[in-house]
Amino acid sequence: MEEKTGFFQSGRDYESRYVNHRYLSYEKKILSQYESVDYFSPHSKVYKEWVAKQPARFEWDRWVTMGCIGFLVGLTAFVMHQGISLISESMHEVALNQIEESKIGEGWAVLTGISIILVLLSSSIVVIWCPAAGGSGLPELIAYLNGTNVRRIFSLKTYVVKFISCLLAVGSGLPVGPEGPMIALGGLIGASVSQFKSKVLKLDIALFKRLRNSEDRTFSTPPSPSSSTQATSACSRRTTT
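Just so we're clear, the structure is a prediction, and the values are computed from it rather than from any experiment.

**Re the overall build of the chain**
Along the backbone of the chain there are eight helices and four strands. Secondary structure elements of the chain, listed N to C terminal, follow the sequence α-β-α-α-α-α-β-α-α-β-β-α. By the burial criterion, 32% of the 241 residues in the chain qualify as buried. Only carbon and sulfur atoms are counted for the fraction: they give 64% of the accessible area of the chain, which is about 15800 Å².

**Remarks on the packing of helix H3 (residues 60-100) against helix H6 (residues 156-171)**
Interhelical geometry of H3 versus H6 gives an angle of 35° and a closest axis separation of 8 Å. As for the relative orientation of H3 and H6, their crossing is right-handed in sense. On the side of H3, the interface is formed by Thr76, Val79, Met80, Gly83, Ile84, Ile87, Ser88 and Met91, while H6 contributes Tyr159, Phe163, Cys166, Leu167, Leu168, Val170 and Gly171. For the contact of H3 with H6, the per-class residue count stands at 11 nonpolar, four polar and no charged.

**Section: the nonpolar core**
Counting 20 residues, the largest nonpolar core has Met80, Ile87, Leu185 and Ile189 as its most contacted members. At seven residues, the largest contribution of residues to this core is made by H3. Not counting residues up to four positions away in its chain, the partners in contact with Ile189 are Ile69, Leu72, Val73, Thr76, Tyr159 and Ser194. If you look at the next biggest cluster of nonpolar residues, it comprises six residues, including Tyr144, Leu145, Ile183 and Ala191.

**A short note on the side chain of Ser122**
The topology assignment puts Ser122 in helix H4 (residues 104-129). Ser122 gets classed as buried once you look at its relative accessible area, which sits at 5%. Not counting the four nearest positions on each side in its chain, Ser122 is found in contact with Ser165, Leu168 and Ala169.

**Quick notes on the environment of Val150**
The topology assignment puts Val150 in the loop between strand S2 (148-149) and H6. Between the C-alpha atom of Val150 and that of Gln33, which follows or precedes it by 117 residues, the distance is 7.8 Å. Here Val150 is in contact with Tyr34 and Ala143, once residues within four sequence places are set aside.

**What to know about H4**
The end-to-end C-alpha distance of H4 is 37 Å, a good match for the 38 Å that 26 residues give at a rise of 1.5 Å each. Those residues of H4 that are buried are in contact with H3 and H6.

**Considering the packing of H6 against helix H7 (residues 179-193)**
Close contact between H6 and H7 brings their axes to 10 Å; oriented N to C, the two are set at 160°. Taken as axis vectors, H6 and H7 run roughly antiparallel relative to one another. At the point where H6 passes H7, the crossing takes the left-handed sense. Taken together, the residues of H7 that come into contact with H6 (itself represented by Thr158, Tyr159, Lys162, Phe163 and Cys166) are Pro181, Ala184, Leu185, Leu188 and Ile189. Within the contact of H6 with H7, the residues separate by chemical class into eight nonpolar, one polar and one charged.

**As for the environment of Pro131**
Tracing the backbone shows Pro131 in the loop between H4 and helix H5 (138-145). Taking the relative accessible area as the measure of exposure, Pro131 reaches 59% and is therefore exposed. Note: C-alpha distance between Pro131 and Arg152 (21 residues apart in sequence) is 9.6 Å.

**Looking at H3**
End to end, H3 covers 59 Å across 41 residues, agreeing with the expected 60 Å (1.5 Å per residue, within 8%). Trailing H3 by a residue or two, Ser102 shows a phi angle of about 65°, which is positive.

**Here's the deal with the packing of aromatic side chains**
All chains considered together, the criterion is met by one aromatic pair. With 6.4 Å between their ring centres and 20° between their planes, Tyr159 and Phe163 make a pair best called stacked. Here Phe163 and Tyr159 lie together in helix H6, a separation of four residues that amounts to about one turn. For the pair Tyr159 and Phe163, a shared accessibility class is recorded, and that class is buried.

**Quick notes on the environment of Gln98**
The residue Gln98 is located in helix H3 in this model. For the pair Gln98 and Val110, spaced 12 residues apart in sequence, the C-alpha separation works out to 8.7 Å.

What counts and how
Residues numbered from 1 in each chain as written. Predicted model: local features only at pLDDT ≥ 70, side-chain atom pairs only at ≥ 80, totals over all residues. Heavy atoms only, no water. Helix = DSSP H or I, 4+ residues; strand = E, 2+ residues; numbered from the N terminus. Buried < 20%, exposed > 50% of the residue type's maximum accessible area, 1.4 Å probe, protein only. Areas by Shrake-Rupley, 256 points an atom, 1.4 Å probe, with all protein chains shown as cover. Axes fitted to C-alpha atoms, helices over the stretch in contact; angles between N-to-C directions. Left-handed = near helix turned anticlockwise from the far one by under 90°. Contact = heavy atoms within 4.5 Å. Nonpolar A, V, L, I, M, F, W, Y, C, P; charged D, E, K, R; others polar. Core = buried A, V, L, I, M, F, W, Y, C linked by side-chain atoms within 4.5 Å. Expected span 1.5 Å × (residues − 1). Parallel < 35°, antiparallel > 145°, perpendicular 65-115°, else oblique. Phe/Tyr/Trp six-rings, centres within 6.5 Å; stacked < 30°, edge-to-face > 60°.

So far we have only geometry, and geometry alone does not tell us how the molecule works.
Following this line, the structure appears as structure tokens:
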């Protein structure tokens, strides 16, 4: 339960910049849900000696992991681009048929109605089903790369909801693009696939267990810019055609 504060009382969201913020009990409860780890492993003398004793090996598991991540990121971007194009073309075809029949008002009403329905569906599934999929997802991805583990941002549920929500929002005609969510989806794929473990899919491949550590969370870094590039190029092709 949130504690009530007076208008000028310390602890409010808006307060003097000369006063240090005092965390309330509900704020401390929220902060306790996050866990932070170091970005790099501590390069102590013990760690360096341990690394030197490790046998030389071919990093085949990392290459296989990056190949799977690249394929899934490309597939995600392709399906999203095709879905957005299909929705947009269908909407404009319906409106164009109305305009050709000199029903300009009805065409405008149909186009607006479809757009509103798509926007409502896009926002409803996030608010009701998976709030963790809200927004672009970039702040959560940056926090993860900096060592903060945010709950539920790399789940299969978040992936599905963010993908569908972005697809419907962009396809509805809103002045938004898929670049931000695609970067987050790429990071999500990289962080999830590199574990080769899923409770939902009941998957646990023991050959890749050594990748399940905080240092290898950088697998979510390469897919992010590639996802942005694919989304941007897809939007460029859609704009020029």
